[in-house]
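Structural description and commentary
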Amino acid sequence: MMKKKSISSSKASLVLFLCQMISALDVPLDSKLLEELSQPPTITQQSPKDYIVDPRENIVIQCEAKGKPPPSFSWTRNGTHFDIDKDAQVTMKPNSGTLVINIMNGGKAEAYEGVYQCTARNERGAAISNNIVIRPSRSPLWTKEKLEPNQVREGDSLVLHCRPPVGLPPPIIFWMDNAFQRLPQSERVSQGLNGDLYFSNVQPEDTREDYICYARFNHTQTIQQKQPISVKVFSTKPVTERQPILLTPTGSTSTKVELRGNVLLLECIAAGLPTPVIRWIKEGGELPANRTFFENFKKTLKIIEVSEADSGNYKCIARNILGSAHHVISVTVKAAPYWITAPRNLVLSPGEDGTLICRANGNPKPNISWLANGVPIAIAPEDPSRKVDGDTIIFSHVQERSSAVYQCNASNEYGYLLANAFVNILAEPPRILTPANKLYQVIADSPALLDCAYFGSPKPEIEWFKGVKGSILRGNEYVFHDNGTLEIPVAQKDSAGTYTCVARNELGKIQNEVQLEVKDPTMIIKQPEYKVIQRYGQVSFECIIKHDSTLLPTVIWLKDNDELPDDERFLVGKDNLTIMNVTDKDDGTYTCIVNTTLDSVSASAVLTVVAAPPTPAIIYARPNPPFDLELTGQLERSVELSWIPGDENNSPITNFVIEYEDGLHEPGVWHYQTEVPGTQTTVQLKLSPYVNYSFRVIAVNEIGRSQPSEPSEQYLTKSANPDENPSNVQGIGSEPDNLVITWESLKGFQSNGPGLQYKVSWRQKDVDDEWTSVIVANVSKYIVSGTPTFVPYEIKVQALNDLGYAPEPSEVIGHSGEDLPMVAPGNVQVHVINSTLAKVHWDPVPLKTVRGHLQGYKVYYWKVQSLSRRSRRHVEKKILTFRGNKTFGMLPGLEPYSSYKLNVRVVNGKGEGPASPDKVFKTPEGVPSSPSFLKITNPTLDSLTLEWGLPAHPNGVLTSYILKFQPINNTHELGPLVEIRIPANESSLILKNLNYSTRYKFYFNAQTSVGSGSQITEEAVTIMDEVQPLYPRIRNVTTAAAETYANISWEYEGPDHANFYVEYGVAGSKEDWKKEIVNGSRSFFVLKGLTPGTAYKVRVGAEGLSGFRSSEDVFETGPAMASRQVDIATQGWFIGLMCAVALLILILLIVCFIRRNKGGKYPVKEKEDAHADPEIQPMKEDDGTFGEYSDAEDHKPLKKGSRTPSDRTVKKEDSDDSLVDYGEGVNGQFNEDGSFIGQYSGKKEKEPAEGNESSEAPSPVNAMNSFV
C-alpha cells in the first residue's frame, strides 16, 4: 500500500510541474534583445550522422553553434579527445567549430575514418553534436572472372549476373551495349533490384555479344564496366510453351524487414512462355492507396513512407495461359526512434519551476537517457533543483547556477535521436520591444490590434491606459492577449487616440505609447450593371466610389476573374470601363475592384453579346501599294519622304515599310531602312554620304504586305570623311621575323566617298619608338617584315578617302611571329604511385625562352623493358599534353614491373622545344594475368593430369600457383573446395585419389608477391572404366596469328575418322561464316589471306556422326610490319650462315641416299607402315603443312597430328610443343617486351588493364579525367 501511495504522489507531483511549465518564459526573436541576453550554446548546423566523403577532396565536418558569450569548440574522435593542434592536416574555421581536414595536400582520407563528436561550450553550458561517422567512399574494381558464352535454346529463361563490386555507397547498376546505348527492357527482359538482367524467355533477337553491366559510383564520379557477356540463342522447332516459374525470389515464401518512413521494394520476376504477367495483392487487406506504385513492368511493388500498418503478407502471382506461380513475402516494418515530444529550450526566472520532456517512439521501443552538458546525468555535478523521472526532468525553485544544456538520447537497435535543450535562468528588468509612438490605422467597425511586445524575467505584468494620464483599461470592450497585445474588437471613430502600455516586474517598470487612427470605409456608390450589346457595338460599365480623404484608392478591372485582354478596344477611365467594337469573345463577367492600404471592395456585372443584324459579306485583302512618292527637304545627312496610301481593302493598314537602293555601290539591291505606323504618311530619313539613294514604300495590314511602290526619284548625297574605322584589327606573326596585320574592310557605303584607303600604323610596345605608318589600297592585310621574335606591338588601322581621314582609331596589341622554344624543362622528377600510375614533376622554363604563347608541356614516355623477362623491343612513345603553365602531371596505364623512360618538352604556338634528358623509372610488381592455358588430360579412374602455361603478363616474379577444385554432381551443385599451392617452376601436376566417373571443376591462378592474379577455369571427368568410349568433343582450340595467316589447332575426343572443317569470319560482323575443309583427320590448319590488324572469330566442326562444333575463339592478326631499312641479304654474316646451312643439307642428303640404298627404314616410317592411315596425307609446302617425315631422331612428327590409340581414346603426348614451334613461316604475336602470346591459349582475349586491384577502374569518367 505504501508503494502505491508513493507512485500516486509522484504522478501528482509530475502533473503539477507540467501545469507550472506554462510559466516558463518565451524569448522573442528580437535581434537586439538576443545580442544582450546570456544564452547557453545551441548547435545550429552539423554534418549528417553517416557522412560519406570523397577520398580525393578535403573533408569538411560541420559544427556551428550560437550562444552568449560565443561558445568555444572541441572535438572527440572515437570517444577520446581529438587534439587538432597536433595534426598539421586538420584546421578549425575561425569563430566556428567546423573542421577542415586537408586531403588534397597529402592527407589520406582512410586515416581519418572514425566517429566524431563536437562540443560547443560557454559559461552557461555545453551542447554536443550527433556522433558523425566519417567514411571515405570506395569504388573497388570488378572481380576478374572468365565469362563463357551463353548458349540458350529459344524460349528458355536466362539470367545474366552483374555481381557489381561492393562500393560505399552502393553503385547504381545499368546495362548497355558497346555503343553506350541502354539495352531495351520490357515485360520479357528486365533488370532486377540486384542488378542482374532477367529473360523470362529468350528470342533469336536476343543474340548479341555485348551485354555489358555498368556500375556508377556517384560519390567518386566513376563508372566501371563488367566484361561483355555473349548470348547466342539457337532455335528448336517447335518452341515449347511453359507455365510460369519464379526466377526471383526462390521458394514459396520469404521475409523482408523495412524501417518506418523508408520505401518498401518487393520484387518478383518469372520465367515462362508466353511471357508471364505479374499481379500483387496483400493478404487480408488492401494495398495502401496513394502510396503504392508499380515499377519495372509491375515486377516491382513500391510502397513509399511505410508504417507499422504496412506489415503483413504480400503475394505476387505470375500467370500465363498455361498456369500460374506465386510467392508470399512476409513484411515486417520496424522503426528507428522518432520524436513524439522533443525537449524544448526552457527560460526561467530564479525561484521558478519547469520541466523538460523527451518522448520518442520506435519498434522496438527506444531507451531514453539524459546527459547534462554532454556528461551522463548520473555522473554530472549535482543540482538540488533537478529531478529525473524517466523521460522527464523536473526543475523546482531554480537558481542562476542551474543554467545548463541537457541532452536527451533515444536509441534502439535501428538508430538513435539526440536533442539538445538548454535551461537558461535569467533575471532581467522589463523591456518593451514595440517601437515608441508606432502608428496603427484601421477601418471603422473593424478590429484594431495594438502591439506591446515585451520581455523580462520574471515575466512582467502588462497594463494598458488610454491617453497619457488616462485610467487603466478594463471591461468587455477590450481583449488583453498574453503576448501584451491590446485588441479593440470593433473600433469606432472615438477609439482613435494615444494608448500607453506599461510592463512591470520586481526588477523594474517601463512604458510605451502607440497611436491609433480610425478611417472611413471605402464604398462603391454606383456599381456596374448587367448589359446586353449587339456584336460590333460599344458598351460601358460604371464604378463610382467614395473613400476616406486620407487614403489613395486604386481601381482594377477584371474579366472572368483574370486581367483584361491586352487590346486597345478596352478603355479604362476614372469611373468606368468602355469596350469598343464588341466581339463574341468579350462575353463574360466584369469586376471592378477598389483597393486602399486598409481595405478592398468589389462589384461585378455580366456582359452578354448578341448577333448584329445581317450585313453584306466583307472581302478582306492585302492593301494596294502606296503611290506618288516625293522627296523634300534634301540635306547632306537627311531627307523627308512622303507618299499617298493605296486602298486598304477592308483591313486597316498597320504600318509602312521603307526600303532604299544604293545605285552607286549596289544597284538593284533593296535594303530595309525603317518602318512607321499605318497612320503616318511622311518620314524623316537619315542618310549616309556618297550614296545614290532611291526609296520605295510597302504597306502592311493583317492580311499581308502590299506590292512595293514605284521607286522615288534618285538623290545622291555629298562625299565626306569616313565616319568609322575598320573593325576586328589583329596582329599575329606567321614567321619568327614578321607581323601580319589584318582587319575587316569597310562596306561600300561606309566609305563616305571615293578613293577608300587605309593607314596602317605600328610600333613596338614598352619601347620608346615612334609610330611607323604606311598607306595601303582597299585591302585587308599588311605584313611587317624584319621584326624581333615574339614581341608585343601596338597597332592601329585608320580609314581615309579623297576627302580625308576617319576619326583617330583605337589601338590593339598584337605579337610578332613565334619561334620554337629554346630550352628544355629542368629538374624532372618521377614519383611512382603504384604499379600502373606515376606522377612526373618539372621546373617551368623561363617565359622569355618560350618565344611564343605558352600552350603547355608535353611528356613523352615509353616502356624500355619488362623486368620479369629482361627483353626489349621498340615501342611507340606515348604523349600526354598538360595545358598552361602546369608543372606536374599523372602518367596512367603503365605496365607493372617494367622499366620506363620519359622526357618533357615545352610547347608554344610554333611547336615543341628541346627534350629534357631522359628520366628512367621503374614500376613495382602487380598481380599477374591468368595462366595462358590450362589443359586436363589422361583421365583415369582416379586421376587427372593438369598442364598449364605461364601467364602472358607475369607483372612480377611468380611465387607460386594456386589450384582449387571441387566435384560437381548431376544437378550442377558444387562439392567441397580443395586448395593446393604449387611451386612457380612447375608446369604440370597429376591429381590422384579422385572419385571415378566424377566431374570436377578447376580454378587456377598465379601469384606474385603482390597477390593473386585472375583465374582460369576448366572442367574434366574421371572415367567410369578403362575402355569406356568417349562422346565426340572438340576443345582447347588454339590460335597463333601472324600478319596475314593464322595456325589453328585443337584437341579431339571421340570416334576415329572424323572429317574436320574450320569456319571463320570477322569478329562482330553479321556476314556468313567462311568454311575451309581440313585435309585428312589432322588437328591443325593454316588460315591464309587474312587482313593485318583485324579481329577474327573461328570455330572447328566435324561432319558426319553427330555433326558438332567447338565454342568460338577470337584472335587478332598482327599489324603490317614496315620493312627494315637494312637489306639483310647484303650482310656478310647472313651470307656465311646460308652457306653453312646449304653444306649441312648436302651432307644430310648424301647420308640419306646411302642408307636408302642399304634398305634401312626409319622408325617413323616403320610406324607408318604398320598403322597405315589413308586420311593422313603428306603436308604440302603451299599450305604450310609437312612433306615426308624426317629420318632424324631429333626431328619428331607433329604431336597433335598423331593417330588415335587403339582403345579409341585420344591420349595427350608428352610434348607441349605447339604448331608455332614447327611452322617455319609463322610469326607469332609478341608482347611489347618480346614475350610470345597466344601459344596454347584456348581463347585470345583483349589484354586486361594491368595493375593491382587498388588501381582505379577503367571507367568512362576516369578515361575523361585522364586528359588534362
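Every chain is numbered on its own, with residues counted from 1 as its sequence reads. Given that the model is predicted, a residue must reach a pLDDT of at least 70 before its local features are reported, and side-chain atom pairs must reach 80 or more before they are shown or counted; all residues, however, enter totals for whole chains, interfaces and linings. Where side-chain values are given, they derive from all heavy atoms of the structure, hydrogens and water being excluded.

1. A few points about the pattern of salt bridges
As a reminder of what qualifies: The rule for a salt bridge is simple: a side-chain nitrogen of Lys or Arg has to be within 4 Å of a carboxyl oxygen of Asp or Glu. Each helix corresponds to a stretch of at least 4 residues labelled H or I by DSSP, and each strand to a stretch of at least 2 residues labelled E; elements are numbered beginning at the N terminus.
On inspection of all chains with the given rule, the structure shows 37 salt bridges. Measuring nitrogen to oxygen at the nearest pair gives 3.7 Å for the salt bridge that ties Arg 260 to Glu 308. Of the two residues, Arg 260 sits in the loop between strand S21 (253-259) and strand S22 (264-267) while Glu 308 sits in the loop between strand S26 (300-303) and strand S27 (312-320), which places them 48 residues apart along the sequence. Between Asp 766 and Lys 765 there is a salt bridge whose closest N-O contact spans 3.4 Å. Overlapping salt bridges, with partners in common, bring together Asp 177, Arg 208 and Asp 210 in one network.

2. Quick notes on the environment of Ser 751
Put simply, the rule is: We call a residue buried when its accessible area falls under 20% of the maximum for its residue type, exposed when it is over 50%, and partly exposed in between, using a 1.4 Å probe and counting protein chains only. Every residue pair with non-hydrogen atoms within 4.5 Å of one another is taken to be in contact.
Mapped onto the secondary structure, Ser 751 falls in the loop between strand S65 (738-744) and strand S66 (757-764). Given a relative accessible area of 6%, Ser 751 falls into the buried group. A sequence separation of 49 residues divides Ser 751 from Leu 800, and the C-alpha atoms of the two residues are 8.0 Å apart. Other than its neighbours up to four places away in sequence, Ser 751 contacts His 665, Tyr 690, Ala 720, Pro 722, Leu 756 and Asn 801.

3. Let's talk about the packing of aromatic side chains
To keep things clear, this is the line we draw: Put simply, two rings from Phe, Tyr or Trp (the six-membered ring, in Trp's case) pair if the centres are within 6.5 Å, and we call them stacked under 30 degrees between planes, edge-to-face over 60, tilted for the rest. In our convention, an over-ring charge means Lys NZ or Arg CZ found within 6 Å of a ring centre and within 35 degrees of that ring's normal.
Within this structure, the stated rule accounts for 23 aromatic pairs. On the basis of an interplanar angle of 45 degrees and a centroid distance of 6.0 Å, the ring pair of Phe 180 and Tyr 214 is categorised as tilted. Taken as a pair, Phe 180 in the loop between strand S14 (172-176) and strand S15 (189-191) and Tyr 214 in strand S17 (residues 208-217) lie far apart in primary sequence, 34 residues in all. Members of the aromatic cluster, each reached through a chain of ring pairs, are Phe 174, Phe 180 and Tyr 214. Here Lys 886 stacks its cationic end above the ring of Phe 888, 5.1 Å away from the centre of that ring. In this structure, Arg 1099 packs its charged tip against the face of Trp 1073, placed 3.9 Å from the ring centre.

4. Considering the nonpolar core
For clarity, the cut-off: Side-chain atoms within 4.5 Å link the members of a nonpolar core, which is a set of buried Ala, Val, Leu, Ile, Met, Phe, Trp, Tyr and Cys residues.
In this structure, Ile 59, Ile 61, Trp 75, Ile 101, Tyr 116 and Ile 134 are the most contacted members of the largest nonpolar core, which totals 29 residues. Secondary-structure elements contributing two or more residues to this core are strand S2 (50-53), strand S3 (59-61), strand S4 (63-68), strand S5 (72-77), strand S8 (99-101), strand S9 (114-122) and strand S11 (132-136). Looking at this core element by element, the count peaks at three residues for S9. Leaving out residues up to four positions away in the same chain, Ile 101 has contacts with Asn 58, Ile 59, Ile 61, Gln 89, Val 90, Tyr 112 and Tyr 116.

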